[in-house]
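In case you want the letters, here they are:
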Amino acid sequence: MGTISDFELYERIQKDDREALELLYERYEKLLYSFAFKILQQKELSEDAVQEVFIKIWRNKRTYSKEKGKFSSWMLTVTRNACIDLLRKRSKTETELSDENLQIPASENVEKTVEWREEREQLQSAISTLSEEQKKMVELFYFKGESQQKISESCGVPLGTVKGRIRLALQHLRKKYNEGRDKYGQEPM
Amino acid sequence: MDKSRCDQLLDYYNGHLEGEDKQNFEKHLQECEACLSEWTEWQMLTSDLPYLSEEKEPPAGMKDRVLAAVFADQEENQPKAAPIRNMADKENKPVKEASKPWISGLLAAALTLSLAGNAYLFLEKNKQEAALEKTAETFKTITLAPHQSKSSGVASMVKDNGNMKLIVQTHNLNPVKGKEAYQVWLIEGDKKYRAGTFTPDGKGNGAVVFDVNYEGTHNWEAVAVSHEPTAASKEPKGNIVLLSEL
Ligand SMILES: [Zn+2]
C-alpha cells in the first residue's frame, strides 16, 4: 500500500498539508463509504458520514495518537460513531429510507484505494459458523448500534445475558477468522 | 465503586449513555479494571467487523464535494464562512447604531466565533455566545435587493478587533435540494470573490458571518447571493437571487 504510511500522512495533516488529506481521502474513500453504507443503507447519508470523518480529521487536530491503535481502525471507529449518530437522528425524523441506486463508477484514483475483498470473504465464512441468533445480535449491536435493552427485546433473551452472548459470538468469530487467515497466511490490514 | 455500572459497558460503547450516566460511567471506567480490560477486548473484537461491508462505489463527484466541505472555511485568500443556525430566533439586544435588529445577536456570534477560533466546534458544541458587541463597529449596512426572486436580506460590513467581517441575513430563500447551497459573493469591478457558503433553514432564513481577509486592499462594490448547484462553486454558476451595491 503506497509508500507513505497512514501515520505519516496524518502527521502532515497536522501541519495543514491539504495534499496529505487528499491522499488519505483517496486511500480510504471506498472503505469508509462502503462501511457507512453498510450501516446507513443510503447514499447521501453515507456521504455525509464520510464527510464528517474528514472534517474531524482536518479541523480537530491531534485527536489520534498511536496509543489508540492502528490509524485505519481509529478512522473506522470514528466513521461508525458518525453513522450511528446519523442513524439515530434519522430514526427520530424519518421512518425508513433505503436505496440501492445504480452505481456510478468513480473517477480513477491517483492513490491506490484500500481493498478488503479477501478479508470480507474470510469474515463471511467465519460468520457462517455463528448461530442465527448470534448473527442477529452482532448485527444489531455493531451495525445498528442498538442498546442492550432493545437487543434483549428483539432477540427475546434476558437483558442480563446480552453482553455475555455478544461477547461469546465475537470471540468465536475472531477465532474462526484468525484460523482462516493463518491458513491463507494473510496479514490483517 | 459501583459494580452495577459494569453492565453499562455496551450501552456506553454504542453511545446510549447521556449526561450524568455517561460521566459516571467514564469515571467508573477509570476505576474498574475489569471494565477497562473488557473495553480493550471489545475494541479488539470489533476491529475487523467493518471489513464485512460489501464494496460500494462512492457516488460520482463525492470526492470534490467532501474536500470542498473539509476545506470550506480554510480557503487561502478566502474568508472563513460559518453558518450560524437559529441566530435569528435569539433575543435581540439593542445596538448603539441604528441597524437592523438582528445584527446584535449575529455580532455576538461573530465575536464568539473568532474567540473560539473554530466555527465547527462552535456549531458542534452549541456554546452560548458571549455578549461582546461593544468592541465591534458597524461600517455599513445595506438592504439586499431581490433579483428575480421574492427573497430579501440585509448585509453588513463590521470591524471587530481590526478584522473585517461580512454579516448576511436572508429571508424567503427557496429551499436547497441535495447538495445545493447559497453562496455569498463580494464584487469588485468584474471580479467576484467568494465570501462563503450557507444553507437556509426550512423557512428560507439564513444568517451567516464571514471573515473578509483577502490580501491587498479592496474597494468592494457590491454583495450578491447566488443559489449554487454545490457548495464548491468557485465562480457563480447558479442564479443570483439577491444583489446590492455597497
Ligand atoms: Zn466495571
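As the structure is a prediction and not an experimental result, all values here were calculated from the model.

Scoring rules and cut-offs
- Residues numbered from 1 in each chain as written.
- Chains lettered and ligands numbered in written order.
- Predicted model: local features only at pLDDT ≥ 70, side-chain atom pairs only at ≥ 80, totals over all residues.
- Heavy atoms only, no water.
- Core = buried A, V, L, I, M, F, W, Y, C linked by side-chain atoms within 4.5 Å.
- Buried < 20%, exposed > 50% of the residue type's maximum accessible area, 1.4 Å probe, protein only.
- Helix = DSSP H or I, 4+ residues; strand = E, 2+ residues; numbered from the N terminus.
- Contact = heavy atoms within 4.5 Å.
- Phe/Tyr/Trp six-rings, centres within 6.5 Å; stacked < 30°, edge-to-face > 60°.
- Lys NZ or Arg CZ within 6 Å of the ring centre and 35° of its normal.
- Donors = N, O, S within 2.8 Å, 3.2 Å for Na, K, Ca; no water.
- Tetrahedral: all angles 85-135°; square planar, octahedral: opposite > 155°, others 65-115°.
- pLDDT = per-residue confidence, 0-100.
- Axes fitted to C-alpha atoms, helices over the stretch in contact; angles between N-to-C directions.
- Parallel < 35°, antiparallel > 145°, perpendicular 65-115°, else oblique.
- Nonpolar A, V, L, I, M, F, W, Y, C, P; charged D, E, K, R; others polar.
- Left-handed = near helix turned anticlockwise from the far one by under 90°.

1. Observations concerning the nonpolar core
The tendency in soluble globular proteins is for nonpolar side chains to be buried side by side. The biggest cluster of nonpolar side chains holds 77 residues, and the ones touching the most others in it are Phe54(A) and Ile57(A). With 14 residues, the top contributor of residues to this core is helix H2 (residues 18-40) of chain A. Ile57(A) has contacts with Tyr10(A), Ile13(A), Leu21(A), Leu24(A), Phe71(A), Trp74(A) and Met75(A), leaving out every residue within four places of it along the chain. Residues Val184(B), Phe210(B), Tyr214(B) and Val225(B) belong to the second largest nonpolar core, which totals 22 residues.

2. A short note on the packing of aromatic side chains
Applying the stated criterion across every chain yields a total of 19 aromatic pairs over all chains. A ring pair is formed by Tyr10(A) and Phe71(A), whose centres lie 5.2 Å apart and whose planes are at 45 degrees; its orientation type is tilted. Taken together, the residues Tyr10(A) in helix H1 (residues 6-14) and Phe71(A) in helix H4 (residues 71-93) connect sequence positions 61 residues apart. Of the two residues, Tyr10(A) and Phe71(A), neither departs from the other in class, the shared state being buried. Seen from their ring centres, Tyr142(A) and Phe143(A) are 5.0 Å apart, and the 90 degrees between their planes marks the pair as edge-to-face. Taking relative accessible area as the criterion, Tyr142(A) reaches 4% and is therefore assigned buried. Members of the aromatic cluster, joined through ring pairs, are Phe35(A), Phe141(A), Tyr142(A), Phe143(A), Tyr12(B), Tyr13(B), Phe25(B), Trp39(B) and Trp42(B). The ring of Phe71(B) is capped by Arg18(A), whose NZ or CZ atom sits 4.5 Å from the centre of that ring.

3. Concerning the coordination of the zinc ion
All names here are of chain B. The protein atoms donating to the zinc ion are Cys-6 (SG), His-28 (NE2), Cys-32 (SG) and Cys-35 (SG), with metal-donor distances spanning 2.1 to 2.3 Å. Considering all 4 donor atoms around the zinc ion, the spread of angles at the metal, 102 to 115 degrees, places the coordination shape in the tetrahedral class. Along the chain, the residues donating to the zinc ion are arranged with the sequence spacing C-x21-H-x3-C-x2-C. Pair noted here: Cys-6 is in the segment before helix H1 (9-13) and His-28 is in helix H2 (residues 19-31), with a separation of 22 residues, a long-range link. For Cys-6, a relative accessible area of 12% gives the class buried. Residue class for His-28 comes out buried when judged on its relative accessible area of 2%.

4. Describing the confidence of the model for chain B
Residues with a pLDDT of 70 or more make up 69% of chain B, whose mean pLDDT is 71. Here the prediction assigns the complex a pTM of 0.59, and the interface score ipTM is 0.88.

5. Side note on the packing of H2(B) against helix H3 (residues 33-46) of chain B
All names here are of chain B. Running from amino to carboxyl end, H2 crosses H3 at an angle of 95 degrees, the nearest separation of the two axes being 6 Å. By the criterion of interaxial angle, the relationship of H2 to H3 is roughly perpendicular. Note on element contacts: H3 touches H2 through Glu-33, Cys-35, Leu-36 and Trp-39, opposite His-28, Leu-29 and Glu-31. Looking at side-chain class alone, the contact of H2 with H3 contains 4 nonpolar, 1 polar and 2 charged residues.

6. Observations regarding the packing of helix H6 (residues 132-143) of chain A against helix H7 (residues 148-155) of chain A
Residue and element names in this part refer to chain A. Remark: H6 packs on H7, axes separated minimally by 10 Å, with the N-to-C direction vectors making an angle of 150 degrees. The orientation of H6 relative to H7 falls into the category roughly antiparallel. Crossing of H6 against H7: the hand is right-handed. Along its contact with H6, which presents Glu-133, Lys-136, Met-137, Leu-140 and Phe-141, the element H7 presents Ile-151, Ser-154 and Cys-155.

7. Observations regarding the confidence of the model for chain A
Averaged over all residues, the pLDDT of chain A is 87; the fraction at 70 or higher stands at 85%. Scored below 50 in pLDDT, residues 95-107 of chain A shows 22 contacts in the model against residues more than four places distant or in partner chains.

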